[in-house]
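Chain and residue survey
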Amino acid sequence: MPHSCPTNTSLLELHLTGIPGLQHLHHWISIPFCIMYLVTLAGNSTLLCVIRADPRLHNPMFLFLSMLAVIDLVMSTSITPKMLGIFWFQSTAISLDACLTQMYFVHAFSVMESGVLVAMAFDRYMAICKPLRYLSILTSPVVAAIGLATLLRAVVFMSPLTFQIHRLPLCSPAVVDHSYCEHMAVLKLACGDAAFSNTYSLSVSTYVGSFDSLLIALSYALILRAVLSLSSPQACKKTFSTCGSHLCIMALFYIPGLLSMYMERYHQELPPHVQVLLADLYLLIPPAFNPLIYGIRTKQIRDGACRAISR
């Protein structure tokens, strides 16, 4: 909805409110947010070091895991330090260029993470259902091509959003009711016609979330069917445990993001802090849990870490 304030096309600085309505609890909210960020830094950095140091882990599964760790580090670091600055020091100001850069990184790397999760599900399908063809299909050039494809998809999908907002006239006061530069929150400052950005954002988010989650669910359904038909009860139990943990962390990635997006558009009567917290958790929880679910619970990673420590 357009603001009634005068249009200002040369805004150089915006102000993030943090979590609207819960500013008095910012110091308390910052504690779990800070812990999750530290876990993200420690877990993903350790994962990258272990995989790099151990040649036995230089196979497709762990190359995809390395991509996921890098994406999680970039995505978390693009928002959490500024968020903690708001919570601890009331450092709400952010330049327009920095805001647009943060927005681009957050949304582009979210799309990249979704693509890598699809690649990891396909990797597990090939390893379990087509083991004899696994290494002949997922060669290093193919893995690199998949990684490049996820990057290009993110750039192609997210660049129009950022360019469109950059071209739109903005209204004063330049207050963003969010804890980071989320696309829809910034778009509310636009005085011009934002219909394209609105529709395009909804279309891309729906496509990425639904299409990628469908491919992931299909991969794991085929894995479960193969295991149930061929393996022992012990193998079935192990596969159910592994697939269940993977699907849970993927649900934590997709569901809060899609809920936050649709609530922002169609349920304006909901408290703003609910929408903001959902958007925050969508970006903070998966990066903290990914190295635990995909890394520590994987025997090869544990063995690689022990070998690295012993050396």
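All of these numbers come straight from a predicted model, not from anything done at the bench.

Of note, Thr150 is situated in helix 5 (residues 140-167). Once the C-alpha coordinates of Thr150 and Glu113 are considered, the two residues, 37 residues apart in sequence, prove to be 8.2 Å apart. Ignoring any residue separated from it by four or fewer positions in sequence, one finds Thr150 in contact with Met112, Gly115 and Val116. At 2.6 Å, the side chain of Thr150 forms a polar contact with the backbone oxygen of Gly147.

Let's shift gears to unusual backbone geometry. For Gln90, which is not glycine, the phi dihedral falls at a positive 55 degrees. Residue position: Gln90 is located in the loop between helix 2 (60-89) and strand 3 (93-95).

What follows deals with the side chain of Asp123. Within the element layout of this structure, Asp123 appears in helix 3 (residues 96-129). Among the residues examined, Asp123 registers a relative accessible area of 1% and is labelled buried. Side chain to side chain, Asp123 and Arg124 meet in a polar contact 2.8 Å long.

Ordered by their spatial adjacency, three strands build an open sheet running 3-2-5, and the pairing between neighbours is mixed. Looking at strand neighbours, the two that pair on one side only are strand 3 and strand 5 (175-176), the edges of this open sheet. Judged from the three bridges that link them, strand 2 (residues 13-16) and strand 3 form a sheet pairing that is antiparallel. Residue pairing across strands places Glu13 opposite Ser95, the latter belonging to strand 3. Packing of helix 3 onto the sheet brings it into contact with strand 2 and strand 3, and relative to strand 3 it is tilted by some 85 degrees.

Rules and cut-offs
- Residues numbered from 1 in each chain as written.
- Predicted model: local features only at pLDDT ≥ 70, side-chain atom pairs only at ≥ 80, totals over all residues.
- Heavy atoms only, no water.
- Helix = DSSP H or I, 4+ residues; strand = E, 2+ residues; numbered from the N terminus.
- Contact = heavy atoms within 4.5 Å.
- Polar contact = N/O pair within 3.5 Å; in protein donor to acceptor, adjacent residues only side chain to side chain.
- Buried < 20%, exposed > 50% of the residue type's maximum accessible area, 1.4 Å probe, protein only.
- Pairing = 2+ DSSP bridges.
- Axes fitted to C-alpha atoms, helices over the stretch in contact; angles between N-to-C directions.

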